[in-house]
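Here is what each chain is made of, one letter per residue.
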Amino acid sequence: MDTISTSLAAIQQKIMKAALQASCVPDSVTLVSVSKTQPLEAIEAALAAGLRVFGENRVQEAATKFPALKALYPDLTLHLIGPLQTNKVAEAVGLFDVIETLDRLKLAQALAKEIKKQGRAPRLLIEVNVGEEPQKAGIPPKDVAGFLATCQDLGLKIDGLMALPPKAQDPAPFFACLKTLADSLGLTHISMGMSADFEQAIAHGATHVRIGTALFGQR
Ligand SMILES: *Cc1c(COP(=O)(O)O)cnc(C)c1O
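Note that the coordinates shown come from a computational prediction; the quantities given were computed from them, not determined experimentally.

Novice: Tell me about the overall build of the protein chain, and name the residues and values.
Specialist: Looking only at helices and strands, one finds nine helices and eight strands in the protein chain. Since a compact globule built from 219 residues should have a radius of gyration of about 17 Å, the 17 Å found for the protein chain is in line with a globular shape. Projected onto its principal axes, the C-alpha positions of the protein chain cover 50 × 40 × 30 Å. For the protein chain, with 219 residues in total, the buried portion stands at 48%. Put simply, of all contacts in the protein chain between residues at least 6 apart along the chain, 58% involve residues at least 24 apart. Per element, the accessible surface of the protein chain, about 10,400 Å² overall, is 55% carbon and sulfur.

Pasting the structure below:
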């Protein structure tokens, strides 16, 4: 009984439909399989089903699960989608291919230093606090242009934006806000949408959707 293949087929069909409706090429939307808290067997099943792009929230957890898998699957791409503390920057730069949660100056400075030191540069996304929620990480929309310029001055290449809209609200205006912001800054990688709302996110221009429970089941 291969549940991942079944849920994956349903998700891929929804991605394709949403992408066609948004008149973008289905291949232009990447499914980031959010494997946080999932055991190795679940990730191995996802790999067997053909998935190669994974998202993890915690550096430590990813470090226990992924180095061995990356050795087995050289085309595996690992995204950090949770907060990054500066004392974990060295480990994160060594392990992740994409860091989606660049959310403050101190982290940008630490990343710039560590990328130079290791000669390894993960792709970077700025996390945007689209709902301007005080308890949430991310740069407020009005400050993103300035923060981007600061990052570039530090020598960082920024590929895109990531956001987590406020809970229990229609995410559509927040998705639209992130897309408008990315376009205005010439950033092409737009990470938004999770299990509950990825079709809406694609309708608003997501290039990467981060899906956990719809793929792996409840955590
Ligand atoms: C857990 C998580 C997801 C996946 O959420 P699901 O609702 O399980 O699809 C996506 N993005 C971030 C930042 C997360 O922490």
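There's plenty left to go through after this.
Novice: With reference to specific residues and values, describe the pattern of salt bridges.
Specialist: The tally for this structure, following the rule as stated, stands at 10 salt bridges. Between D97 and R120 there is a salt bridge, and its shortest N-O distance comes to 3.0 Å. With D97 in the loop between α4 (89-95) and β4 (98-102) and R120 in the loop between α5 (105-118) and β5 (123-128), this pair connects stretches of sequence that are 23 residues apart. One salt bridge connects E133 with K136, and the closest N-O pair in it is separated by 3.0 Å. Given a relative accessible area of 15%, E133 falls into the buried group. A relative accessible area of 24% places K136 in the partly exposed class.

Novice: Would you mind going over the site of the ligand in detail, with residue names and values included?
Specialist: Taken together, 13 residues surround the ligand, and among them K36, S195, R210, G212 and R219 come closest. In this structure, an oxygen atom belonging to the ligand sits 2.8 Å away from a main-chain N or O atom of G212. A distance of 2.8 Å separates an oxygen atom of the ligand from a polar atom in the backbone of T213. If the ligand stood free it would expose 380 Å²; the protein chains cover 89% of that surface. A class-by-class count of the residues in the shell around the ligand yields six nonpolar, four polar and three charged.

Novice: Can you tell me about the nonpolar core, naming the residues and giving the values?
Specialist: Residues F54, L102, L111 and L156 are the most contacted members of the largest nonpolar core, which totals 63 residues. With six residues, the single largest contributor to this core is helix α1 (residues 3-21). With residues up to four places along the chain from it excluded, the contact list for F54 reads V32, S33, S35, I43, A46, L47, F66, L76, T77, L78, H79 and F216.

Novice: Outline the packing of aromatic side chains, listing residues and values.
Specialist: Aromatic rings in a pair are described by how distant their centres are and how their planes are angled relative to each other. In this structure the tally under the stated criterion is one aromatic pair. Pairing F54 with F66 gives two aromatic rings, centres 5.7 Å apart and planes at 50°, and the pair type is tilted. Placement of F54 in strand β2 (residues 53-56) and of F66 in helix α3 (residues 59-72) is noted, with a sequence separation of 12 residues between them. For the residue pair F54 and F66, the accessibility class agrees, reading buried in each case.

Novice: So, unusual backbone geometry: which residues are in play, and what are the values?
Specialist: Positive phi, normally seen in glycine, also occurs at E132, with a value near 45°. Structurally, E132 can be placed in the loop between β5 and α6 (144-153). Of the residues examined, E132 reaches a relative accessible area of 48% and is grouped as partly exposed. Within the chain, A168 stands out as a residue other than glycine whose phi angle is a positive 60°. With respect to the helices and strands, the residue A168 is situated in the loop between β6 (158-163) and α7 (172-185).

Novice: Quick one: what's the story with the packing of helix α2 (residues 40-48) against α3, residue by residue and with numbers?
Specialist: For the pair α2 and α3, the least separation of the axes is 11 Å and the interaxial angle reads 35°. The element α2 and its partner α3 pack so that their crossing is right-handed. Here L40, I43, E44 and L47 of α2 lie close against α3, whose contacting residues are K65, F66 and L69.

Procedures and definitions
Residues numbered from 1 in each chain as written. Predicted model: local features only at pLDDT ≥ 70, side-chain atom pairs only at ≥ 80, totals over all residues. Heavy atoms only, no water. Helix = DSSP H or I, 4+ residues; strand = E, 2+ residues; numbered from the N terminus. Rg over C-alpha atoms; globule rule 2.2 N^0.38 Å. Buried < 20%, exposed > 50% of the residue type's maximum accessible area, 1.4 Å probe, protein only. Contact = heavy atoms within 4.5 Å. Areas by Shrake-Rupley, 256 points an atom, 1.4 Å probe, with all protein chains shown as cover. Salt bridge = Lys/Arg side-chain N within 4 Å of Asp/Glu carboxyl O. Near = heavy atom within 4 Å. Polar contact = N/O pair within 3.5 Å; in protein donor to acceptor, adjacent residues only side chain to side chain. Nonpolar A, V, L, I, M, F, W, Y, C, P; charged D, E, K, R; others polar. Core = buried A, V, L, I, M, F, W, Y, C linked by side-chain atoms within 4.5 Å. Phe/Tyr/Trp six-rings, centres within 6.5 Å; stacked < 30°, edge-to-face > 60°. Axes fitted to C-alpha atoms, helices over the stretch in contact; angles between N-to-C directions. Left-handed = near helix turned anticlockwise from the far one by under 90°.

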